[in-house]
Amino acid sequence: MDERIERIHKAAEFLKEQLGDRKPLVGIILGSGLGRLADEVQNTLVIPYKTIPGFPASTAIGHKGNFIVGELGGKEVIMMQGRIHYYEGYSMDMVTLPTRVMVSIGIKYLFVSNAAGGVNYEYKVGDLMIIKDHICQQPNPLIGPNMDEFGPRFPDMTRPYDLGLIERAEKIALDMGIKVHKGVYFGGTGPTYETPSEYKYIRIIGGDVTGMSTIPEVITARHSDIPVFGMSVVTNEAHDHYDADYKNDGEDVIKAADAAAGRMCSIFKKLIESL
Ligand code: HPA
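Residues numbered from 1 in each chain as written. Predicted model: local features only at pLDDT ≥ 70, side-chain atom pairs only at ≥ 80, totals over all residues. Heavy atoms only, no water.

Remarks on the layout of surface pockets
- Roughly 170 Å³ of volume is contained in the second largest pocket.
- The set of elements that each furnish at least two residues to the lining of the second largest pocket consists of helix H4 (196–204) and strand E8 (209–211).
- In the lining of the second largest pocket, the residues fall into 5 nonpolar, 6 polar and 2 charged. (1 Å grid on protein atoms, 1.4 Å probe; cavity = no way out; pocket = protein on both sides within 12 Å on 5 of 7 lines; lining within 4 Å. Points joined across faces, edges and corners; volume = space filled by probe spheres on them. Helix = DSSP H or I, 4+ residues; strand = E, 2+ residues; numbered from the N terminus. Nonpolar A, V, L, I, M, F, W, Y, C, P; charged D, E, K, R; others polar.)

Structure, rendered in structure tokens:
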């Protein structure tokens, strides 16, 4: 058997044993600094990645390495507290393994979040953006022999982010008095932040925010036709000219994400409640 499929099956079997009767409806992937949504989950079961056969340990700053299973907004969810990034040196098969496993245990929706740089001049630190589309400049995670049991060779990407969920989230944000943008996520590999000219390039080709994650998991979920909802927290204004002493700093990104996380969490929670 394809060793990728064997690894996915093994991890999914282990997870199913841990879950018992629990059947999570929504998979949630938390980005840098956004881990606090995990505190809102009730009746939790914590499954550290390191206990799961074949799983990599997440090493990025602001990321823990656990699945948290429990109730959020009255629904059963499985949350990745800590994602695996390509820039950590893992293959795309490993980056997307947790998503494949969540799909294998039967999630019906995938929610993703991330910290991102706002290349759109209208976007300020701490703003939230509903992701309506993406531009992928990371290696496509579906390169290689197609895993037919998960989806087709050439998956449709006309609607990578579910239009119904976007519309509902916009209404929820409006009702709660939370300002949200709706825009395009550009995903590069990192780990460097972009140069001023790269930020300009991303803006010119249609990106509103830029980050180093998310797209591999979204493509993987869409391969299996799972509806996706995603949000970005703007943690830095990613412009082309800076004060002489300005510097992009990972710790500042975590702080900004933390400050905005509460608002994003309340939208996620209400949206999940509505499913
Ligand atoms: N670029 C890439 N990734 C990021 C940024 C950025 O400016 N901010 C937070 N994640």
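Let us keep going from here.
Observations regarding the site of the ligand
- The ligand sits among 12 residues. The nearest are Gly117, Glu194, Tyr199, Thr235 and Asn236.
- Separating a nitrogen atom of the ligand from a backbone N or O atom of Ala115 is a distance of 3.4 Å.
- In isolation the ligand offers 260 Å² of accessible surface; the protein chains occlude 96% of this area.
- Secondary-structure elements contributing two or more residues to the shell around the ligand are strand E5 (109–118), E8 and strand E9 (228–237).
- In terms of residue count, E5 provides more of the shell around the ligand than any other element does, 3 residues in total.
- Here the shell around the ligand is composed, by residue class, of 6 nonpolar, 5 polar and 1 charged. (Near = heavy atom within 4 Å. Polar contact = N/O pair within 3.5 Å; in protein donor to acceptor, adjacent residues only side chain to side chain. Areas by Shrake-Rupley, 256 points an atom, 1.4 Å probe, with all protein chains shown as cover.)

Focus on the packing of aromatic side chains
- Following the criterion strictly, the structure yields 6 aromatic pairs and no others.
- Aromatic rings pair up to connect Tyr49, Phe55 and Phe67 into one cluster.
- One Lys or Arg, Arg100, reaches over the ring of Phe150 and ends 4.7 Å from the middle of that ring.
- Sitting over the ring of Tyr121, Arg203 keeps its end group 4.0 Å from the ring centre. (Phe/Tyr/Trp six-rings, centres within 6.5 Å; stacked < 30°, edge-to-face > 60°. Lys NZ or Arg CZ within 6 Å of the ring centre and 35° of its normal.)

Some points on empty space enclosed by the protein
- For the structure on display, the rule yields 2 cavities of 30 Å³ or more.
- One number sums up the size of the largest cavity: a volume of about 60 Å³.
- Forming the walls of the largest cavity are Arg4, Arg7, Ile8, Asp93, Thr96, Leu97, Arg100, Pro141 and Met147.
- Looking at the lining of the largest cavity, the elements that each hand over two or more residues are helix H1 (3–19) and helix H2 (92–104).
- Estimated volume of the second largest cavity: approximately 50 Å³.
- If you trace the second largest cavity, you find it lined by Arg4, Asp93, Arg100, Pro141, Leu142, Ile143, Pro145, Asn146, Met147 and His223.
- Here the lining of the second largest cavity is built from residues that sort into 5 nonpolar, 2 polar and 3 charged.

Let's talk about the pattern of salt bridges
- Inspection of every chain in the model, using the stated rule, returns 10 salt bridges.
- Here Glu13 ties to Lys16 by a salt bridge, and the two come within 3.9 Å at their closest N and O atoms. Note that Glu13 and Lys16 are positioned in helix H1 at a spacing of 3 residues, about one turn of the helix.
- Looking at Lys16, the relative accessible area reads 39%, which means it is partly exposed.
- Across the pair Asp225 and Arg222 runs a salt bridge, and its minimum N-O distance is 3.5 Å. (Salt bridge = Lys/Arg side-chain N within 4 Å of Asp/Glu carboxyl O. Buried < 20%, exposed > 50% of the residue type's maximum accessible area, 1.4 Å probe, protein only.)

Some remarks on unusual backbone geometry
- Of note, the amide linkage connecting Gly190 to Pro191 takes the cis form, showing an omega dihedral of 0 degrees.
- The topology assignment puts Pro191 in the loop between strand E7 (180–187) and H4.
- Backbone geometry places Asn43, a non-glycine residue, at a positive phi of 50 degrees.
- Among the secondary structure elements, Asn43 is positioned in strand E2 (residues 42–48).
- Despite not being glycine, Thr214 shows a phi value in the positive range, around 70 degrees.
- Mapped onto the fold, Thr214 is located in the loop between E8 and helix H5 (215–223).
- Assessed through its relative accessible area of 0%, Thr214 is described here as buried.

Points about the nonpolar core
- Counting residues in each nonpolar core, the largest one holds 78 residues, and the members touching the most others are Ile28, Phe67, Met79, Leu110, Phe111 and Phe229.
- If one sorts the elements of this core by residue count, helix H6 (residues 250–273) sits on top with 9 residues.
- If we skip the residues at most four places from it in the chain, Phe67 touches Leu15, Leu45, Val46, Ile47, Tyr49, Ile52, Phe55, Ile78, Met79, Met80, Pro98 and Met102.
- In this structure, Val119, Phe186, Tyr199 and Ala238 belong to the second largest nonpolar core, which totals 5 residues. (Core = buried A, V, L, I, M, F, W, Y, C linked by side-chain atoms within 4.5 Å. Contact = heavy atoms within 4.5 Å.)

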